[in-house]
Every structure is written in C-alpha cells, then in structure tokens.
Amino acid sequence: MLSQHAPVLLVAAPLIAAPLIVLVRRSELAWLLATVAALVSVVFSIDLIHQTSGGQIISYAMGSWEPPLGIEYRVDSANAFVAFIVAAMALIVMPYCRVSIAAEVRREEHYLFYSLMMLCIAGLIGIVLTGDAFNLFVFLEISSLSTYVLIAMGRDRRAVVSAYQYLLMGTIGASLYVIGIGMLYLETGTLNLADMATRLHMADTRALLAGLAFITVGVSLKIALFPLHLWLPNAYAYSPSAVSAFLAATATKVSIYVLMRFFFSIFGATVVFDSRATGAILLALSLAAMFIPAVVAIYQANVKRLLAYSSVSQIGYITLGIALDSVAGTTAALVHLFNHALTKGGLFLVLGGAVLRCGGASLDRLAGLGRTMPVTAFAFVIGGLSLIGIPGTAGFISKWALVLAVMEQGMWWLAAAIVASSLIAVIYVWRFVEIAYFRDPPEDAPKPGEAPLSMMVPALFMIGACIWFGLDSGWSMDLALRAAEALMEGRR
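This text gives an overview of the structure that appears in the document. The structure displayed is predicted, hence computed values, not measured ones. (Residues numbered from 1 in each chain as written. Predicted model: local features only at pLDDT ≥ 70, side-chain atom pairs only at ≥ 80, totals over all residues. Heavy atoms only, no water.)

## What to know about the overall build of the chain
Step number 1: A count of helices and strands for the chain gives 20 helices and 2 strands.
Step number 2: Taken over the C-alpha trace, the chain has a radius of gyration of 21 Å; the compact-globule value for 492 residues is 23 Å, and the two agree within 12%.
Step number 3: With respect to the principal axes defined by its C-alpha atoms, the chain has extents near 70 × 60 × 40 Å.
Step number 4: Across the 492 residues of the chain, 62% fall into the buried class.
Step number 5: Looking at the chain alone, contacts between residues at least 24 apart form 80% of all its contacts between residues at least 6 apart.
Step number 6: Of the roughly 18,100 Å² that the chain leaves accessible, carbon and sulfur atoms contribute 68%.
Step number 7: Of the side chains in the chain, 28 bear a positive and 27 a negative charge, and the two mean positions are spaced by 8 Å. (Helix = DSSP H or I, 4+ residues; strand = E, 2+ residues; numbered from the N terminus. Rg over C-alpha atoms; globule rule 2.2 N^0.38 Å. Buried < 20%, exposed > 50% of the residue type's maximum accessible area, 1.4 Å probe, protein only. Contact = heavy atoms within 4.5 Å. Areas by Shrake-Rupley, 256 points an atom, 1.4 Å probe, with all protein chains shown as cover. Lys, Arg positive; Asp, Glu negative; His and termini not counted. Charge placed at Lys NZ, Arg CZ, Asp CG, Glu CD.)

## Quick word on empty space enclosed by the protein
Step number 1: Applying the stated criterion across every chain, the model contains 4 cavities of 30 Å³ or more.
Step number 2: The volume enclosed by the largest cavity comes to roughly 110 Å³.
Step number 3: Lining of the largest cavity is provided by 13 residues; of these, Leu 124, Ser 143, Ser 144, Tyr 166 and Ala 251 occupy positions nearest its centre.
Step number 4: Elements with a contribution of two residues or more to the lining of the largest cavity: helix 4 (110–129), helix 5 (133–152) and helix 10 (241–266).
Step number 5: Estimates place the volume of the second largest cavity at around 70 Å³.
Step number 6: Lining the second largest cavity, in full, are Ile 127, Leu 136, Leu 140, Tyr 177, Gly 218, Val 219, Lys 222, Val 254, Ser 255 and Val 258.
Step number 7: Of all elements in the fold, only helix 5, helix 8 (205–223) and helix 10 reach the threshold of two or more residues within the lining of the second largest cavity.
Step number 8: Across the lining of the second largest cavity, the residue classes tally to 7 nonpolar, 2 polar and 1 charged. (1 Å grid on protein atoms, 1.4 Å probe; cavity = no way out; pocket = protein on both sides within 12 Å on 5 of 7 lines; lining within 4 Å. Points joined across faces, edges and corners; volume = space filled by probe spheres on them. Nonpolar A, V, L, I, M, F, W, Y, C, P; charged D, E, K, R; others polar.)

## Points about the layout of surface pockets
To find leftover empty space, a probe the size of one water molecule is rolled over the atoms.
Step number 1: In this model, the largest pocket occupies a volume close to 470 Å³.
Step number 2: Along its surface, the largest pocket is lined by 28 residues, and Ile 57, Arg 74, Asp 76, Arg 261 and Ser 265 are the ones closest to its centre.
Step number 3: For the lining of the largest pocket, the secondary-structure elements that each account for two or more residues are strand 2 (72–75), helix 3 (77–104), helix 4, helix 7 (193–199), helix 10 and helix 20 (474–488).
Step number 4: With 6 residues, helix 10 is the single largest residue contributor to the lining of the largest pocket.
Step number 5: Across the lining of the largest pocket, the residue classes tally to 13 nonpolar, 8 polar and 7 charged.
Step number 6: Quantified by volume, the second largest pocket comes out at close to 370 Å³.
Step number 7: If you trace the second largest pocket, you find 21 residues lining it, with Glu 104, Asp 156, Ala 237, Lys 304 and Val 355 closest to the centre.
Step number 8: The class makeup of the residues in the lining of the second largest pocket is 8 nonpolar, 8 polar and 5 charged.

## Observations concerning a nonpolar patch on the surface
Step number 1: Together, Ile 16, Leu 20, Leu 23, Val 24, Leu 29, Leu 32 and Val 36 make up an exposed nonpolar region whose accessible area comes to about 600 Å².
Step number 2: Among the elements that take part in the nonpolar patch, helix 1 (residues 6–24) stands out by supplying 4 residues, more than any other.
Step number 3: Mapped onto the fold, Leu 23 is located in helix 1. (Patch = residues over 30% accessible without salt bridge, like charges linked within 9 Å, V, L, I, M, F, W, Y side chains within 5 Å. Salt bridge = Lys/Arg side-chain N within 4 Å of Asp/Glu carboxyl O.)

## Concerning the pattern of salt bridges
Side chains that differ in charge, positive against negative, can pair when their charged atoms come close.
Step number 1: Here the structure, examined in full by the defined rule, presents 8 salt bridges.
Step number 2: Between Asp 76 and Arg 261 there is a salt bridge, with the nearest N and O atoms lying 2.9 Å from each other. Of this pair, Asp 76 sits in the loop between strand 2 and helix 3 while Arg 261 sits in helix 10, and the two are 185 residues apart along the sequence.
Step number 3: Overall, the relative accessible area of 11% leaves Arg 261 in the buried class.

## So, the packing of helix 16 (residues 374–388) against helix 18 (residues 412–438)
Step number 1: In contact at an axis separation of 9 Å, helix 16 and helix 18 are set at 170° when each is read in the N-to-C sense. Accordingly, the angle class assigned to the pair helix 16 and helix 18 is roughly antiparallel. From helix 16, Pro 374, Ala 377, Phe 378, Phe 380, Val 381, Gly 384, Leu 387 and Ile 388 reach across to helix 18, where they touch Ser 422, Ala 425, Val 426, Tyr 428, Val 429, Phe 432, Val 433 and Tyr 437.
Step number 2: Of the residues in the contact of helix 16 with helix 18, the class split is 14 nonpolar, 2 polar and no charged. (Axes fitted to C-alpha atoms, helices over the stretch in contact; angles between N-to-C directions. Parallel < 35°, antiparallel > 145°, perpendicular 65-115°, else oblique.)

## Examining the packing of helix 1 against helix 2 (residues 27–51)
Step number 1: With their axes 8 Å apart at the nearest point, helix 1 and helix 2 run at an angle of 175° to one another. In terms of orientation, helix 1 lies roughly antiparallel with respect to helix 2. On helix 2, the residues touching Ala 6, Pro 7, Leu 9, Leu 10, Ala 13, Pro 14, Ala 17, Leu 20, Ile 21 and Val 24 of helix 1 are Leu 29, Ala 30, Leu 33, Ala 34, Ala 37, Val 40, Ser 41, Phe 44, Ser 45, Asp 47, Leu 48 and Gln 51.
Step number 2: Considered class by class, the residues forming the contact of helix 1 with helix 2 number 18 nonpolar, 3 polar and 1 charged.

## Considering the packing of aromatic side chains
Step number 1: Within this structure, the stated rule accounts for 15 aromatic pairs.
Step number 2: Measuring from centroid to centroid gives 5.1 Å for Phe 338 and Phe 469, while their planes differ by 90°, and the two rings are edge-to-face. One end of the pair, Phe 338, is in helix 14 (residues 327–358); the other, Phe 469, is in helix 19 (residues 453–471), and 131 residues separate them in sequence.
Step number 3: With a centroid separation of 4.1 Å and 35° between ring planes, the pair formed by Phe 380 and Phe 432 is classed as tilted. Linking Phe 380 in helix 16 with Phe 432 in helix 18, this pair joins segments that are 52 residues apart in sequence.
Step number 4: For Phe 380, a relative accessible area of 5% corresponds to the buried category.
Step number 5: Take Phe 432: its relative accessible area is 4%, and that puts it in the buried class.
Step number 6: Three or more aromatic residues joined by ring pairs make a cluster, and in this case those are Phe 81, Phe 84, Phe 338, Phe 469 and Trp 475.
Step number 7: For the cation-ring pair, Arg 98 lies above Trp 31, with the distance from its terminal atom to the ring centre recorded as 4.5 Å. (Phe/Tyr/Trp six-rings, centres within 6.5 Å; stacked < 30°, edge-to-face > 60°. Lys NZ or Arg CZ within 6 Å of the ring centre and 35° of its normal.)

As structure tokens, this is what we get:
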C-alpha cells in the first residue's frame, strides 16, 4: 500500500521531520528524527528503483488535479537512481554528524542544523522527482536556502562570507532558470515537463532556444561548471565537514541530472545538439574543467580546497559524457556521477576525522598523519587513487566507460585528454602522500589514534564502496545504463 505512494513519501519524510526537529529542540532527539527520516527515504528510494527496473514510468498526481493541470511526480530509472544517491548519502552522513557537528557547530544550533539538513534533503529529492518545471524551482530554492545556512554554521568566520558568495551566485542561477521556464511557458502554455516535451515542436524555435540558454546557464551555475564555479571552493572548504561531504556527493549531482533531463527528455538531443554549437561549447568547457581546476588544486595549502577544486575538475568528466550525445556517453556520465559521489563523499568524511583531531585541514596540520592516524591516512590514499582512476577503484570504471564512449565516436585525441587530465590528479594526491608519510608531525600533533568510531565507520564504508564498485561494477553500470536509456528516449 505504501509502495504506491513512494514518490511523495520519499520527499515527505525529511520534509515532515524538519519542523518536528524544531519542536523537540534537543540535539539527541533531533539527530534521531533526522536519522529515521533519512532511513525512510532510503527505503522508498530503493523501492522506486525496483518499480522502475523494467523501464516503467511512475506518474503520481498530487491532490485531485491530474497532470498536466496539476503537479505531477514522474519517476523513471534516471531520477530513481539519483534520488537513491541523495537518500543513501544522507543516511551515511547522519551517524557521522553526532561527533562532527558537536565539535564544529555551537550546541544551541544543533537542532537547527538537523532541521536544515532535512530541508536540504527534501529539496534535493524533490528536484529530482518532480515533473513540474516551476515546482522544480521551488524545491531548488528550498535546498539552496537551507544549504546557505548550513555552510554559514561553520565556526570559521570565512564560512559566512562563503555562504554569502554562494547565495549571490545561487540567486543568479535560480533567476536565470525561472526566466527560462517563463519563456517556455509563454511558448507552450504548460509547466508539466512531459507535456512541455510534446508541445515544443509547435512553438517558436528561437524563443525556445533562448529559454534553453537561460536554463542551461542557470543550472550550470548550480553545477559549478567551469568557469561558473567560483562559489564552490570556499563553500566546501569552510563549511562543517559533514556538510562538505554531503554537498560534494549530492548537490552538484542533482543539478547535473536537471541539465540532462532538459537536454535529452524535454528538448530532445536533436534540438539541443544537432546543427547547434551546444555540443562543441559544452565539450570545450568540459575539457577546460578537466585540466584548469586540477592544476589549481595542486597549489592549494588547504586539503578541503584541494578536494573542492578536484570536484570542479571531476564535474568536467560528467559534462563531457553529456556532450557526446550518445547512450554510451550518458551512461559514462551517470556512472561517474555515482562513483564520484562515493569517492568525494568518502574523502571529505575521512578528512573530517583528521580535521577533528589535528585541528585544521591545512597540509602543515596534517603532516605525519600516516603515523598519528594511519587508518585515516591510508583511507584517504585509497580515495585519492579512485580520483585518479587507478584500476580496482570506482573511479577507473567510470573513466574507462568514458574512454570507450569517446572511442566509439573515433575521438582518440579526447581519450588521450582524459588520461592526461587524470595524471594531473596524481600530482595533488601525491602532495597528501608526501605530507602524510614523509613529513614529521608538528610539535603539537595529537597522540596516535583515530577519529571516533561514529565518524570512522561511515568514512571507511564510503572508501570501501570505492573498492567494491571498482571490482564489481555490474549493479552501478546496469543502473546507469537503464537511466541513460530512460533519458535518451526523449531524443528526437
């Protein structure tokens, strides 16, 4: 019985938990409610994956208004896959928060932190599941507004400035998106995404392309696609560790899904790519993202900022897969979306434990980490190998899939670029190895020991998953392929 309401319950669980947490106020109960809500979301996300496994599309009408007049939640293999990533990451982060947030957020704000996390999760899942263009904007604002405050909760004063920078950039992105949607509504007379896709061929092409341009730039700001990434490094560097991990694994991934949905399912790849410069522009920006931020990462003295610039670089691989305009390319993009969520989420969780004990994320503070926190240092190296794309890790699977996709189109030079950009990652990962294993710990370094178990278990689980999905990629590749086929069905 509950299964048929899974689309709405997946969003409702964290959305209902948010005000309940404010009412109870106590941090222990707030954490418990947040964890239960995250668990419920994971259960329903798995149920949606199962329901859509055969290519089925679930249409869930809100209220008594049937689509396209009313708001619809529309679920297929693609958004069920992304919703699972968000829900699973939320559940993994919750045990981690108990100690991490106690150290990084003022006690009187703990219940607010968990409430805002629930709003952020509800917003991100709502973006993924909704079938209404304006409802997508509403959920985008819910997730964004809660994210701004979550970032500002960091004890470092620069966190407030970072949140403000993100607010400015995020507001511009959301404004551009809603302008684009307004133009599409004027031309098609509908906000239902499925209905809009059927009406586009009857509308004025120039107005539609202008609307698509607004949407693309607005969503690209949220993605942090180079060179629209300026908000991301500071947002990741100065926010609480749990927030950095959650955002790195989910926020940009959801925005990438939105871009893919508009490109393939709504407009159709023929309108977007054929006879347009869209593919060439996206390809050029992807190549720039793969190289330039990776080089910048090499020179960072703060490991959180290093990982942030690495994220901008990794986003380039995902958008490169989109630019290929093929099922193979989209599959590679989606599997890298999943694998990068595992890798970067795990790295930020591992780093958070080191920051807690060492008192900072600078390379100087982490010197000698291989002696003071050997398990943490080793886990970070494994995550770094996945970033590079070493065989046996999840990162290798998605980069290999991307190489096969570009070779399928005869672009050998692009395959060489993927390999060359991956080698840059060797340099910034080696910087950590050099500091952790070949430098003496600072005089005030903590005594040898690891982070608390509630932080280590989620972090090691994520790093272990990088190895698991590197050795057995059947499940993730199958889901990514089904999701790609669901998206590319809209190719006209």
